[in-house]
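So you can see what is in the structure, the chains are spelled out below.
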Amino acid sequence: MIGRRLLQKRVWNSGRRWLFPSSPLSPVPAEYCKRHFSSHVLAAFSSPSDNPINLKIPYTENKCKFFSSNAVADLPTNGIVDVPLAQTGEGIAECELLKWFVHEGDEVDEFQPLCEVQSDKATIEITSRYKGRVAQLLHVPGSIVKVGETLLKMDVEENRIPPVVLGNLENEKHTGGVLSTPAVRNLAKEHGININEVQGSGTDSRVLKEDILKYAARKGILEEPSFIATADLGEPLHREMSSSQVSAEVSGHYEDTIVPLRGFQRTMVKTMSMAAKVPHFHYVEEIDCDALAELKASFQTNNSEPGIKFTFLPILIKSLSMALNKYPMVNSCFNEESVEVILRGSHNIGIAMATPFGLVVPNIKNVQSLSILEITKELSRLQQLALDNKLSPDDISSGTITLSNIGAIGGKFGAPIVNLPEVAIIAMGRIQKLPRVADDGDIYSASIMTVNIGADHRVLDGATVARFCNEWKRFIEKPELLMLHMK
């Protein structure tokens, strides 16, 4: 059989990604096509045999490079093609499937979104590079899919086989002819049920979710169908308990719940495991925020920007950047292999955010060149994207130092762990009114914030961190100095 190489391309548009095999990519030679295209182009292919066969395939592209997969791809005669998970970013080996935008049997156009996946860096929308019909979905939401593994099968021929016949052909490979969806097969597998033994009640004896639950109840695998959560398959486990679950606990049925860690939570497992190997030390200081509170109130009173609400955080971020100008070692990263410290030129200050999807640390780029108003707007943008789980890889990469505002939730004090390869992280407690004694002995009330700086002791010593903290404290307690030194 003559192998045919398929051209592949990599395109980003509003967070969407082209699908292509995970094998290494190389530019298509110049003799096959030009580097840039603006309309329909005919790309010629030929076999390495003595009798060349030219295949002319139209492509539509707008000034993008074409790439060729090193793998040989042959379209089956029945028109069914495997659609793999693309390489969504450097160093990404797997992604969690969050949700499908299509169902089996749906007609799909080119560029149409197929599904949404989440790596340990970002949430990405996968689009189709084919026009055809969805033949089979091979994974359910919540599944971990390896890069290069097939996500779904598509029928891309004009004369496609009927849906029912296709269902039989595809399902016979897995279930011996029993019709069912991947979600139902996954449910049966979870409970150790042979799906071939279940009598289907759907069209053409298709096995439905209800059939699995009833079969499990008859066999004693489940206590009673009413005890099973009625949420759709693939729904995240982080949700409130249903009334049936509460009733089960009240009646004395207590069961353990397995919660798989996905997305940003899996990232936290890996990064914190690595960070635990780093020798830490912590430096704690109290900062008087009375002047900071007055400045924030003044900003809000004179605010003419609609939709902008001033908080303490943007001022703290800008003052931190001013202190980093004097102590650049705190804004560095450590290369363990070469035993080198890289002093970062940009102040990309990360803000730890607790979201329904886990802890994420987007960063504000180049704070040293931004005004407090610009920082406020960028912080608001990142917070909204984090809540919507729409942060891009650029939003959460290349951070140089991290702030963790535990005071926003209510804590006084925390002992943070560095976010590698950064060498410092700062946990800020809540601002609270506390009594203080003046030099003349008078007692007065002050707005005090406790900060705890966690540092990589391989790079930073205690004296450096103490001097840096004193500089930051000076800008916070006397914010007029920001105007004096700001460029």
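Above this text sits the structure in question.
Presented here is a report on the structure given in the accompanying data block. (Residues numbered from 1 in each chain as written. Predicted model: local features only at pLDDT ≥ 70, side-chain atom pairs only at ≥ 80, totals over all residues. Heavy atoms only, no water.)

### Comments concerning the overall build of the chain
Item 1. Of regular secondary structure, the chain possesses 10 helices and 26 strands.
Item 2. Within the chain, the proportion of its 487 residues that are buried is 41%.
Item 3. For the chain, contacts bridging at least 24 residues in sequence account for 62% of all contacts bridging at least 6.
Item 4. Total accessible area computed for the chain in this model is approximately 26,300 Å², and 53% of it derives from carbon and sulfur atoms. (Helix = DSSP H or I, 4+ residues; strand = E, 2+ residues; numbered from the N terminus. Buried < 20%, exposed > 50% of the residue type's maximum accessible area, 1.4 Å probe, protein only. Contact = heavy atoms within 4.5 Å. Areas by Shrake-Rupley, 256 points an atom, 1.4 Å probe, with all protein chains shown as cover.)

### A short note on the pattern of salt bridges
Item 1. Under the criterion given, the structure shown has 14 salt bridges.
Item 2. For E336, the salt bridge is made with R458, and the minimal N-O distance between the two is 3.7 Å. Placement of the pair is E336 in the loop between β17 (332-335) and β18 (340-343) and R458 in the loop between β26 (443-456) and α9 (462-477), with a sequence separation of 122 residues.
Item 3. Beyond isolated ion pairs, a larger network of salt bridges with shared partners links K326, E471 and R474. (Salt bridge = Lys/Arg side-chain N within 4 Å of Asp/Glu carboxyl O.)

### Quick word on the packing of helix α7 (residues 312-326) against helix α8 (residues 372-387)
Item 1. Here α7 crosses α8 at 120 degrees, and the two axes come no closer than 9 Å. Put simply, α7 runs oblique to α8. Judged by the sense of rotation from one axis to the other, the crossing of α7 with α8 is right-handed. Contact residues: α7 offers L313, P314, I315, I317 and K318, while α8 offers I372, I375, T376 and L379. (Axes fitted to C-alpha atoms, helices over the stretch in contact; angles between N-to-C directions. Parallel < 35°, antiparallel > 145°, perpendicular 65-115°, else oblique. Left-handed = near helix turned anticlockwise from the far one by under 90°.)

### A short note on the environment of S346
Item 1. Positionally, S346 belongs in the loop between β18 and β19 (349-351).
Item 2. For S346 and S332, which are 14 residues apart along the polypeptide, the C-alpha to C-alpha distance reads 9.8 Å.
Item 3. Beyond its immediate sequence surroundings of up to four residues, S346 is in contact with N331, N366, Q368 and T400.

### Looking at the sheet that holds strand β13 (residues 132-137)
Hydrogen bonding along the main chain pairs the strands of a sheet, whether they run parallel or antiparallel.
Item 1. Pairing in this open sheet of four strands is antiparallel, and the strands run β8-β15-β13-β10 from one edge to the other. Among the strands making up the open sheet, the edge pair consists of β8 (80-84) and β10 (107-108). (Pairing = 2+ DSSP bridges.)

### Let's talk about unusual backbone geometry
Item 1. For the bond from L420 to P421, the omega torsion is 5 degrees, close enough to zero to count as cis.
Item 2. The residue F111 is not glycine, and still its phi comes out positive at about 75 degrees.
Item 3. Relative accessible area serves as the criterion here: at 45%, F111 is assigned to the partly exposed category.
Item 4. Positive phi, normally seen in glycine, also occurs at S398, with a value near 70 degrees.
Item 5. Positionally, S398 belongs in the loop between α8 and β23 (401-404).

### Some details on the environment of Q136
Item 1. Within the secondary structure, Q136 sits in strand β13.
Item 2. Of the residues examined, Q136 reaches a relative accessible area of 2% and is grouped as buried.
Item 3. Here the alpha-carbon distance between Q136 and D155, two residues 19 residues apart in the chain, equals 9.3 Å.

### Here's the deal with α7
Item 1. Along its 15 residues, α7 runs 22 Å from first to last C-alpha, staying within 8% of the 21 Å computed at 1.5 Å per residue.
Item 2. Regarding α7, the residues found buried are L313, P314, I315, L316, I317, K318, S319, L320, S321, M322, A323 and L324. (Expected span 1.5 Å × (residues − 1).)

### Things to note about the packing of aromatic side chains
Item 1. Counted by the stated rule, this structure contains one aromatic pair.
Item 2. Considering the side-chain rings of F299 and F310, the 5.5 Å spacing of their centres and the 45 degrees angle between planes classify their relative orientation as tilted. Residue F299 is found in helix α6 (residues 290-301), and its partner F310 is found in the loop between α6 and α7; the two are separated by 11 residues along the sequence.
Item 3. The class for F310 is buried, based on a relative accessible area of 10%.
Item 4. For the cation-ring pair, R129 lies above Y130, with the distance from its terminal atom to the ring centre recorded as 5.1 Å.
Item 5. Stacked on the ring of F475, the Lys or Arg R474 has its end atom at 5.4 Å from the ring centre. (Phe/Tyr/Trp six-rings, centres within 6.5 Å; stacked < 30°, edge-to-face > 60°. Lys NZ or Arg CZ within 6 Å of the ring centre and 35° of its normal.)

### Re α8
Three- or four-residue spacings in an α-helix give side chains the same orientation, since the helix completes a turn every 3.6 residues.
Item 1. An ideal rise of 1.5 Å per residue puts 22 Å on 16 residues; α8 measures up with 23 Å between its terminal C-alpha atoms.
Item 2. Of the residues making up α8, those classed as buried are I372, I375, T376, L379, L382 and A386. Looking straight down α8, one finds that the buried residues subtend no more than 135 degrees of arc, so they occupy a single side.
Item 3. Elements in contact with the buried residues of α8: α6, α7, β19, β20 (353-355), β21 (358-360) and β22 (363-364).
Item 4. Just downstream of α8, N389 is the residue with a positive phi angle, here 60 degrees. (Arc of directions from axis to C-beta.)

### Some remarks on the environment of A446
Item 1. For A446, the location among the structural elements is in strand β26.
Item 2. The exposure class assigned to A446 is buried, which follows from its relative accessible area of 0%.
Item 3. Distance in space between the C-alpha atoms of A446 and R436 is 6.6 Å, their sequence separation being 10 residues.
Item 4. Setting aside its immediate chain neighbours within four residues, A446 contacts D288, D290, Q432, K433, L434 and R436.

### Here's the deal with the pairing of β26
Item 1. Counting buried residues in β26 gives 11 out of 14 residues, a clear majority hidden from the surface.
Item 2. Sheet topology note: the strand β16 (residues 280-288)/β26 ladder contains nine bridges and is antiparallel. Bridging across to β26, E286 finds its partner in T450.
Item 3. Pairing analysis gives six bridges linking strand β25 (residues 432-437) to β26, with the strands arranged antiparallel. In the sheet register, L434 faces β26, and the bridge partner there is A446.

### A few points about the nonpolar core
Item 1. I317, L320, L403, I426, M428, F468 and W472 are the most contacted members of the largest nonpolar core, which has 49 residues in total.
Item 2. With eight residues, α7 is the largest single contributor of residues to this core.
Item 3. Counting 22 residues, the second-largest nonpolar core is a separate cluster that includes V108, I124, L137 and L152. (Core = buried A, V, L, I, M, F, W, Y, C linked by side-chain atoms within 4.5 Å.)

Read these as layout, nothing more, since geometry by itself doesn't imply function.
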